[in-house]
Amino acid sequence: MVSAILEGKPDKNLILVTGRAHPRLATDVADQLGIDILETTSYDFANGEMYVRYTESVRGADVFVLQSHTTPVNKSIMEQLIMIDALKRASARSITAVCPMLGYSRQDKKHLGREPISCRLVFDLLATAGADRIMSVDLHAAQSQGFFDGPVDHLIAMPVLVDYVRDRLDLSNIAVVSPDAGRIKVAEQWAQRLGGCPLAFVHKTRDITRPNHTVANRVVGDVKGKDCVLVDDLIDTAGTIASACQVLKDAGAKSITVAATHGVLSGPAVERLKNCGAREIVLTDTVPIPVEKRWEGLTVLSIAPLLASAIKAVFNDGSVAELFDTYPTHHGQGFLFA
């Protein structure tokens, strides 16, 4: 029988618990670690309040609370906060909030007066609940880590995505494209990993008074006849990606492959992506993507091996940064760094 506790150095035990937002991902992470998820009693009261209780002792253990902040995002966050509070009161040795996708991460600065910085608030809530450490994948802005007064493991899904794309395109004819000027640095890292291919970006304007509304204007860079890899951190309503694809086609791109970490896919996103003209949409499963939102042109890669490797490195007092420095050229699905 598989144990729910991974034994480490003397007096150290690792426990993985999960909320109800993305149980499949938690199961995959547990399989990579070779343990079971600690059984948790969780349910909603009639008025919408939530209850959480752990069925075994967590005293003295290093506990990792996995919860992706997916729809309904506010409920997902609140459940994780309650889980962390329960662990703190049950004398867990350390508590790491594992948020594959962190809610409100796009609200990381003020555009207008009298606006909140909601990303900072989420970090504050996790700290107040009792989280000693936070682990997340591809925050909207890396500097958001500074909102938390403790260790933040900012994982990047790029190696997983790059490895998939590398095997499916002619590297001599690739151009990496950023959907806006703000993600040029990410595109540069992609280009470096793909052998120093050309870069381009889509110049766009955003109406900050209207949510999910952008206008793609033109491509800066040469993409004519190129197999373009359009890279982003998150696809929500897919308005930005769809309009960027159109601009790239108008500029003479030979083909377009879209690669992004978080597939939120709200509202019209699926229809937009189906009709955007891209040859393939590549996402990771940091948030659940239900069957009804999947189609033939969509590929979903597992982020579980990356999360499991980072969790194991933290538990064993190893280096998380080394996971990316020593990333293998080809790992396939199911690699483990450690």
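Residues numbered from 1 in each chain as written. Predicted model: local features only at pLDDT ≥ 70, side-chain atom pairs only at ≥ 80, totals over all residues. Heavy atoms only, no water.

K.L.:
Would you mind going over unusual backbone geometry with me for this structure?
P.N.:
Both trends apply: most residues other than glycine have a negative phi, and most peptide bonds are in trans. Going from Thr 71 to Pro 72, the amide bond is cis rather than trans, its omega being -5°. For Pro 72, the location among the structural elements is in the loop between strand E5 (62-66) and helix H2 (73-89). Of note, the phi angle at Ser 91 is positive, near 70°, even though the residue is not glycine. Mapped onto the secondary structure, Ser 91 falls in the loop between H2 and strand E6 (94-99). With phi around 65°, Tyr 104 is a residue other than glycine that occupies positive phi space. (Helix = DSSP H or I, 4+ residues; strand = E, 2+ residues; numbered from the N terminus.)

K.L.:
For this particular structure, what's the right way to read the sheet that holds strand E2 (residues 13-18)?
P.N.:
The strands making up a sheet associate through hydrogen bonds between their backbones, and the pairing can be parallel or antiparallel. The sheet built from 6 strands is open, its strands ordered E1-E2-E5-E6-E7-E8 with mixed pairing. Of all strands in the sheet, those with a lone pairing partner are strand E1 (5-7) and strand E8 (152-155), marking the two edges. Neighbouring strand axes in the sheet, compared pairwise and without regard to direction, differ in orientation by 20° on average. Both E6 and strand E7 (residues 133-137) contribute to a ladder of 4 bridges, which runs parallel. Bridged to Cys 99 within E7 is Ser 136. Set on the sheet, helix H8 (residues 304-315) makes contact with E1, E2, E5, E6, E7 and E8; between it and E7 the angle comes to about 155°. (Pairing = 2+ DSSP bridges. Axes fitted to C-alpha atoms, helices over the stretch in contact; angles between N-to-C directions. Contact = heavy atoms within 4.5 Å.)

K.L.:
Would you mind going over a nonpolar patch on the surface with me for this structure?
P.N.:
Nonpolar side chains collect at one region of the surface, where Tyr 43, Phe 45 and Tyr 51 lie side by side and expose about 270 Å² of accessible area between them. Mapped onto the elements, Phe 45 comes out in the loop between strand E3 (40-44) and strand E4 (50-54). Residue classification places Phe 45 among the partly exposed positions, given a relative accessible area of 40%. (Patch = residues over 30% accessible without salt bridge, like charges linked within 9 Å, V, L, I, M, F, W, Y side chains within 5 Å. Areas by Shrake-Rupley, 256 points an atom, 1.4 Å probe, with all protein chains shown as cover. Salt bridge = Lys/Arg side-chain N within 4 Å of Asp/Glu carboxyl O. Buried < 20%, exposed > 50% of the residue type's maximum accessible area, 1.4 Å probe, protein only.)

K.L.:
Honestly, the pattern of salt bridges in this entry has me stumped. Any pointers?
P.N.:
Opposite charge on two side chains allows them to pair when their charged atoms are near. In this structure the tally under the stated criterion is 16 salt bridges. For Lys 75, the salt bridge goes to Asp 44, with nearest N and O atoms at 2.4 Å. Of the two residues, Lys 75 sits in helix H2 while Asp 44 sits in strand E3, which places them 31 residues apart along the sequence. The salt bridge partner of Asp 163 is Arg 166, with a shortest N-O separation of 2.8 Å. Highlighted residues: Asp 163 and Arg 166, both in helix H4 (residues 158-166), separated by 3 residues, approximately one helical turn. Put simply, Arg 20, Asp 44, Lys 75 and Glu 79 are held in one network by salt bridges that share partners.

Spatial relationships are all this shows, so hold off on functional conclusions.
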